[in-house]
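Architecture at a glance
Next come the chains, spelled out residue by residue.
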Amino acid sequence: MPYVELSFRVMGQALPADHGYGLYSAIAHLCPGVHEQEGLSILTIPGKPDHQGKIALTRQSHLKIRLPSDKIMLVLPLAGQKLMIGTHEIQLFIPQVAQLQPIDKLRSRLVTIKGFQEPGAFLEAAQRQLDALKIQGHLSIPLNLDGELSRKTIKIKSYSVVGFALEIINLSDDDSIKLQTLGLGGKRRMGCGIFTPFPYSRRFNDA
C-alpha cells in the first residue's frame, strides 16, 4: 500500500523545541489507534527557535504524519482539534494529503540508534540499516552553524536519548521513496529517523 503524508496547518504561539514525545502523546490521546499502527511516522512541527528551549510557530508550521494510504481515517479525527503539548495549546486545521515524491537527497533532523552515541560507530550502524533495506546512498552527519557535528537529544519522560542528524544523497527514485516510507533508527512516532528534502550543507562522513 503506498504511503501518503498528511499536512495539518498549525495555529498557536510557541512549542518546546523538544516536543516529539509531547506531540505523540497528545495525538495518541485523541487517536488511540496510532499506538498499534506499524509504519506510522509523526514529524515534529517546525518553527523559529529562540535558543532558549522554545520555537515560535509561523505560517509555515505544519504537523505532518506519514502512514499507509488506507489508514488515513486513523488520524483524520485530528482535523479541527486543539492539542495540549505541555503548557502550550495548538489548533489543527483540515489536512492536505500528498503522495511522497522522490528526492535524491534527504535529511533527518534526528536519528537515534540504540547503543550508538559516537559519530563513527553511529554512521556504521546507520549504514548497516541502509544495507538491510537494500538502499544505496552516501551517508553523512551534517555540521551545525558552529562547525560541530549535529548531535541532538530527545527527552522521553524522565530520560534523554542521544542521536545525530543524518543526510543521505545520490538516492535513486525507488530508494528515496523507500527511505521516506521506512526511515532509519527508532522512535519515528516522536519525530526521529524521518527523512525530508534539504539544502546543501557541510558534512562529516566516515561511511
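Preceding this section is the structure that the text describes.
Below you will find a few notes about this structure. Not measured: the values here are computed from a predicted model. (Residues numbered from 1 in each chain as written. Predicted model: local features only at pLDDT ≥ 70, side-chain atom pairs only at ≥ 80, totals over all residues. Heavy atoms only, no water.)

1. Points about the overall build of the protein chain
Condition: Segments assigned H or I by DSSP are reported as helices when at least four residues long, segments assigned E as strands when at least two residues long, and all are numbered from the N terminus. When we talk radius of gyration, it's over C-alpha atoms, and the globule rule is simply 2.2 Å times the number of residues to the 0.38. Only protein chains enter the accessibility calculation, which uses a 1.4 Å probe. A residue is then buried if its area is under 20% of the maximum for its type, exposed if over 50%, and partly exposed in between. Residue contacts are defined here by distance: any two heavy atoms, one from each residue, within 4.5 Å place the two residues in contact. Note on areas: Shrake-Rupley with a 1.4 Å probe; residue coverage comes only from the protein chains shown. Positive residues here are Lys and Arg, negative ones are Asp and Glu, while His and the chain termini are left out of the count. Charge positions are represented by NZ for Lys, CZ for Arg, CG for Asp and CD for Glu.
Helix and strand counts for the protein chain come out as three helices and 15 strands. Over its C-alpha atoms the protein chain spans a radius of gyration of 16 Å, differing by no more than 12% from the 17 Å that the globule rule assigns to 207 residues. Counting only C-alpha atoms, the protein chain reaches 45 × 40 × 30 Å along its principal axes. Within the protein chain, the proportion of its 207 residues that are buried is 44%. In the protein chain, once contacts between residues fewer than 6 apart in sequence are set aside, the share between residues at least 24 apart is 76%. Surface accessibility of the protein chain: about 10900 Å² in total, with carbon and sulfur atoms responsible for 51%. If you average the places of the 24 positive and of the 18 negative side-chain charges in the protein chain, the two averages end up 6 Å apart.

2. Topic: the sheet that holds strand 2 (residues 14–16)
Quick reminder of the rule: A pair of strands counts as paired when DSSP detects no fewer than two bridges linking them.
Here we have three strands laid out as an open sheet, ordered 2-5-4, and antiparallel in their pairing. Bordering the open sheet on either side are strand 2 and strand 4 (48–49), each of which pairs with just one other strand.

3. Notes on the packing of aromatic side chains
The test is simple: Any pair of Phe, Tyr and Trp rings, taking the six-membered ring for Trp, is counted once the centres come within 6.5 Å. Such a pair is stacked with planes under 30 degrees apart, edge-to-face with planes over 60 apart, and tilted for the rest. A ring has a charge above it when a Lys NZ or an Arg CZ is no more than 6 Å from the ring centre and no more than 35 degrees off the ring normal.
Summed over all chains, the structure comprises one aromatic pair. Judged by centre distance (5.0 Å) and plane angle (45 degrees), the ring pair of F122 and F164 falls under tilted. With F122 in helix 2 (residues 119–133) and F164 in strand 13 (residues 159–169), this residue pair connects regions lying 42 residues apart in the sequence. A residue is classified by how much of its surface remains accessible, and F122, at 0% relative accessible area, is buried. When the ring centre of F198 is taken as reference, the NZ or CZ atom of K105 above it lies at 5.7 Å.

4. Quick notes on the pattern of salt bridges
Formally: What makes a salt bridge here is a side-chain nitrogen of Lys or Arg within 4 Å of a carboxyl oxygen of Asp or Glu, nothing more.
Within this structure, the stated rule accounts for three salt bridges. Close ionic contact of K64 with E5 constitutes a salt bridge, the shortest N to O distance being 4.0 Å. Here K64 is found in strand 6 (residues 62–68), whereas its partner E5 is found in strand 1 (residues 3–12), with 59 residues between them in sequence. Accessibility expressed as a relative area gives 31% for K64, which makes it partly exposed. Residue E5 is classed as buried on the basis of its relative accessible area of 15%. Because the salt bridges share partners, they merge into one network encompassing E5, K64 and R66.

5. A few points about the layout of surface pockets
Operational definition: Any residue with an atom within 4 Å of a point lines the site, the site being either a cavity, points on a 1 Å grid over the protein atoms alone where a 1.4 Å probe fits but cannot get out, or a pocket, an open set with protein on both sides within 12 Å along at least 5 of 7 lines. Grid points are joined across faces, edges and corners, and a volume is the space filled by probe spheres set on the points.
Considering only enclosed or pocket space, the largest pocket measures out at about 1300 Å³ in volume. Contributing to the lining of the largest pocket are 45 residues, with T44, G47, P49, R109 and K152 lying nearest its centre. Among the secondary structure elements, those contributing two or more residues to the lining of the largest pocket are strand 5 (54–56), strand 6, strand 10 (106–111), strand 12 (151–156) and strand 14 (196–197). Taken as a whole, the second largest pocket holds about 260 Å³ of empty space. Considering the residues around the second largest pocket, the lining is formed by 18 residues, among which E5, S7, Q96, A98 and Q99 are closest to the centre.

6. Some words on helix 3 (residues 173–182)
Those residues of helix 3 that fall on the buried side of the exposure criterion are D175, S176, L179, Q180 and T181. Here the buried face of helix 3 lies against strand 1, strand 6, strand 10, helix 2 and strand 13. Note on helix 3: the residue one or two positions beyond its end, G183, has a positive phi of about 65 degrees.

Don't take any of this as a statement about function, it's just geometry.
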